[in-house]
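Here is what each chain is made of, one letter per residue.
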Amino acid sequence: MIIHRIKKGITYIYERTIDSEGKRHEKAIGKVDGNGNEIYYADIRDNHSSGGKGRGNGKNNKSKELIKTDSIRADDYTFGTTKVEGLAFDPVKNPAIYSALVPARIDVSRRKSQRKKIETLFYIDFKELKQRGVSIDYEYLLTPYDREIHNAVATLASAGNEYINPSMIFQLLSGNTGSTNDMSPETRKSILRSIDIMMATLVSIDASAEVSSHMITKTTGIYKGALIPAERVEIMELNGQKVTDCIHLLRTPPLYDYARDKNQIGTIDIKMLDTPLSNTKENIELKGYLLKRIASIKNTKSHMSDTIRYDTIYEYLRIDTNTPDKDLLRHKYMDIRNKVKKLLDFWIKMGLITSYTEEKEGKSIAKVTISI
């Protein structure tokens, strides 16, 4: 049986055998190169000795045998807290990243008072999406929902999963308690669409200035590739059952590699995702936003304010403030505030935070302060 394992961002190919005593043995026989081609060590040796072409000749020779593997549950939900990742999935705040033909310069200086700015170059390339005929909406192409899907994939990858399907992502975002039967066809479709978009969206990060300033070490500071570097596997056997629409991760996502090298990875116990709210797209975005803010508040080095303005949340969730029905808008705002309080009450019960208080500006509730 052939299996794949990801180690330090590189996918290695192993041959698994079981001896007469039932003991399992694994032998490394190759690896996957940057283009997704399987390079086998035996073929490399054969090519050197005979000059012939083996399976490592650049063609992606996948075994026709049905891929079989088991999924690994993650204990923690991990996510990048870099400014680059935040802007990548929030184009409302920095549309220049999406529309510019040159990389955006992002100030990543440790202190605002720093005399010399340290800038990282970041570029998003949608050419492949355009070639596939996907309609490009520069304002909302990559959303906070895509960020949660991206982080779920990165979390599952860091737990040791190489093959991932929508059910695994949905269960993780549900706190590992959601039954796959709870996932609606619409949710499955939205997860797959998000994955497809990010598989065809290329990013480029040039953090060489951070390397020169010793903010990143043991790397060149160059990160390139698809947001989700993976290929589709139409059918395979996962946990003893045949499943469809899996992806095979070729390496860890570049945004995650960048955040890891900067030591800017947030970690939250997976149980904190098992909230009283249903797992709609908006609720998943809201959970993710609040958890990232709480993680930053807990990190004393981030200097993140413990006060969150509600209008910031409305903007993050892309609430249409221009609607002529002001009563409808007012009820929407109230619904979101009630959801925030329900989430915070749950996290108090779980011991993630200790308390919170809401504050008014005039007659309106304008912000909430969280105590850790």
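I will try to describe carefully the structure that is included in this document. Chains are numbered independently. Their residues run from 1 in the order of the written sequence. Confidence filtering applies because this is a predicted model: local features only for residues at pLDDT of at least 70, side-chain atom pairs given and counted only at 80 or more, and all residues used for totals across whole chains, interfaces and linings. Heavy atoms throughout the structure, all of them, feed into the side-chain values; hydrogens and water do not.

**Considerations on the overall build of the protein**
Now for step 1: Secondary structure assignment for the protein yields twelve helices and 17 strands.
Now for step 2: Residue contacts follow a heavy-atom distance rule, with two residues in contact if any of their heavy atoms lie within 4.5 Å. Of the contacts made within the protein by residues no fewer than 6 positions apart, 60% connect residues no fewer than 24 positions apart.
Now for step 3: As displayed, the protein offers around 19600 Å² of accessible surface, 48% of which is attributable to carbon and sulfur atoms. Strands are runs of DSSP state E lasting at least 2 residues, helices are runs of H or I lasting at least 4, and numbering of each runs from the N terminus. Using a 1.4 Å probe, accessible areas were evaluated by the Shrake-Rupley method; residue-level cover was limited to the displayed protein chains.

**Looking at the nonpolar core**
Now for step 1: The nonpolar core is taken to be a set of buried Ala, Val, Leu, Ile, Met, Phe, Trp, Tyr and Cys residues, with the residues joined through side-chain atoms within 4.5 Å. Each residue gets one of three labels from its accessible area relative to the maximum for its type: buried under 20%, exposed over 50%, partly exposed in between, using a 1.4 Å probe on protein chains only. Phe122, Ile169, Leu172, Leu290, Ile313, Leu344 and Trp347 are the most contacted members of the largest nonpolar core, which totals 86 residues.
Now for step 2: For this core, the element with the highest residue contribution is helix α12 (residues 326-349), accounting for eight residues.
Now for step 3: With residues near it in sequence (within four places) discarded, Trp347 still touches Met272, Thr275, Lys287, Leu290, Leu291, Ile294, Leu352 and Ile353.

**Observations concerning the pattern of salt bridges**
Now for step 1: The term salt bridge refers to a side-chain nitrogen of Lys or Arg lying within 4 Å of a carboxyl oxygen of Asp or Glu. Counted under the stated rule, the structure contains 18 salt bridges.
Now for step 2: Asp257 is the salt-bridge partner of Arg260, the closest N and O atoms lying 3.0 Å from each other. Of this pair, Arg260 and Asp257 both sit in helix α9 (residues 254-261), three residues apart, which is roughly one turn of that helix.
Now for step 3: A relative accessible area of 38% places Arg260 in the partly exposed class.
Now for step 4: Assessed through its relative accessible area of 14%, Asp257 is described here as buried.
Now for step 5: We note a salt bridge from Arg330 to Asp327, for which the minimum N-O separation is 2.0 Å. A residue pair is termed a helical-turn pair when its members lie 3 or 4 positions apart in one helix, as Arg330 and Asp327 do in helix α12 at three residues.
Now for step 6: Arg330 gets classed as partly exposed once you look at its relative accessible area, which sits at 47%.
Now for step 7: Connected through shared salt-bridge partners, Arg188, Asp196, Arg232 and Asp245 make up one network.

**Observations concerning α12**
Now for step 1: Any helix carries an expected span of 1.5 Å times its number of residues minus one. Here α12 spans 35 Å end to end across 24 residues, near enough to the 34 Å set by a 1.5 Å rise per residue.
Now for step 2: Along α12, the residues that are buried comprise Leu329, Tyr333, Ile336, Arg337, Lys339, Val340, Leu343, Leu344, Phe346 and Trp347.
Now for step 3: Here the buried face of α12 lies against α10 (281-298), α11 (310-316), β16 (355-361) and β17 (364-371).
Now for step 4: In the analysis that follows, any N or O atom pair within 3.5 Å is treated as a polar contact, provided that within protein one partner can donate a hydrogen and the other can accept it, and provided that, for residues neighboring in sequence, both atoms belong to side chains. For α12, the side-chain oxygen to backbone nitrogen distance between the N-cap and Asp327 is 3.3 Å, and the N-cap itself is Asp325.
Now for step 5: In the stretch just after α12, Gly351 is the one whose phi turns positive, near 85°.

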